Every structure is written in C-alpha cells, then in structure tokens.
Amino acid sequence: MKNTQLNLSEKAVVNLATLSQELGISRDDFATLCFEYVDIKHQGIVNAARKIRDKKSKKTINKKNLSQHLKQLSAEQVELLLNKAAQKKKS
C-alpha cells in the first residue's frame, strides 16, 4: 500500500469516520474502497465536480486576473464597484 495525504472537507471527514465505523473497517480501507469503485461518470459526481471547479475558478479570477474579470462585468457592476471603492477611500 502507498500513503497519501488528502485535505478533506469537514463533511467528508465525518462521513469517512462514520461510514468506516459502520462497516467495521479502517478509514484507510474505506477510502481505498471508495477510490477503487467510484464512477466519475455518475451524474452526481460530475455536477459536484463542476461546482467545485466553478467555485475555485471564480476565486482565481478575482485574485489573479482582475483585468479579465472586470471586462466580464456589466457597466452597472463596474459602476457599483467604483462607488464602493470611492466610499472606502473616503473613510
């Protein structure tokens, strides 16, 4: 067996602990089963992966490529951002 380290969500950690205990196997064995038998074409997994990608890409756009992000905003959104920036500058 090989070792790996994962950063899991709180919900995933709870599920891993609970479900492995219910099955009477270790967390490592349960995680191994999950990764060996997971079907990445399952619609629920595909949709969840899309949500994660979208959430992460929005953070990346906001932080790393501000000019591209600004080009995608409507005139009203840009005006709102400018007004907020002006208010912050006043304070």
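Residues numbered from 1 in each chain as written. Predicted model: local features only at pLDDT ≥ 70, side-chain atom pairs only at ≥ 80, totals over all residues. Heavy atoms only, no water.

**Considering the overall build of the protein**
In plain terms, the rule: Only DSSP runs of H or I reaching four residues or more are called helices, and only runs of E reaching two or more are called strands; each is numbered from the N terminus. Note on classification: 1.4 Å probe, protein chains only; a residue is buried when its accessible area is under 20% of the maximum for its type, exposed when over 50%, partly exposed between these limits.
Within the protein, the regular secondary structure consists of 5 helices and 0 strands. Secondary structure elements of the protein, listed N to C terminal, follow the sequence α-α-α-α-α. Residues counted as buried form 4% of the 91 residues belonging to the protein.

**What about the packing of helix α1 (residues 10-23) against helix α2 (residues 27-37)?**
Counted only if it meets this: Angles here are taken between N-to-C directions and fall from 0 to 180 degrees, while the axes themselves are lines fitted to C-alpha atoms, restricted in helices to the stretch in contact. Between 65 and 115 degrees an angle is taken as roughly perpendicular, under 35 as roughly parallel, over 145 as roughly antiparallel, and anywhere else as oblique. Contacts are assigned to residue pairs that have any heavy atoms within 4.5 Å of one another. Residue polarity is assigned by list, with Asp, Glu, Lys and Arg as charged and Ala, Val, Leu, Ile, Met, Phe, Trp, Tyr, Cys and Pro as nonpolar; anything else, Gly included, falls into the polar class.
Two numbers describe how α1 lies on α2: the axes approach to 9 Å, and their chain directions differ by 100°. Judged by the inter-axis angle, α1 sits roughly perpendicular to α2. Residues L16, A17, L19, S20 and L23 of α1 form the contact with α2, whose own contacting residues are R27, F30 and A31. Its residues assigned to classes, the contact of α1 with α2 shows 6 nonpolar, 1 polar and 1 charged.

**Thoughts on a nonpolar patch on the surface**
Keep this limit in mind: Exposure above 30% relative accessible area and the absence of a salt bridge qualify a residue for a patch, where like charges join within 9 Å and nonpolar side chains (Val, Leu, Ile, Met, Phe, Trp, Tyr) within 5 Å. Residue-level accessible areas treat just the shown protein chains as cover; the underlying method is Shrake-Rupley with a 1.4 Å probe. Any carboxyl oxygen of Asp or Glu that lies within 4 Å of a side-chain nitrogen of Lys or Arg is treated as forming a salt bridge with it.
On the surface, a cluster of nonpolar side chains totalling about 370 Å² of accessible area is made up of L6, L8, V13 and F35. Looking at the element boundaries, L6 is found in the segment before α1. Given a relative accessible area of 44%, L6 falls into the partly exposed group.

**Here's the deal with the confidence of the model for the protein**
Stated precisely, the cut-off is as follows: A residue's pLDDT is the confidence the predictor assigns to it, expressed on a 0 to 100 scale.
On average, residues of the protein score 85 in pLDDT, and 89% of them reach the 70 mark or higher. α1 holds the highest mean pLDDT among the elements of the protein, 96, whereas helix α4 (residues 66-72) holds the lowest, 71.

**A word on the side chain of S20**
For S20, the location among the structural elements is in helix α1. Residue S20 is classed as buried on the basis of its relative accessible area of 3%. Among all residues touching S20, those that are not within four sequence positions of it are N15, I25, S26, R27 and F30.

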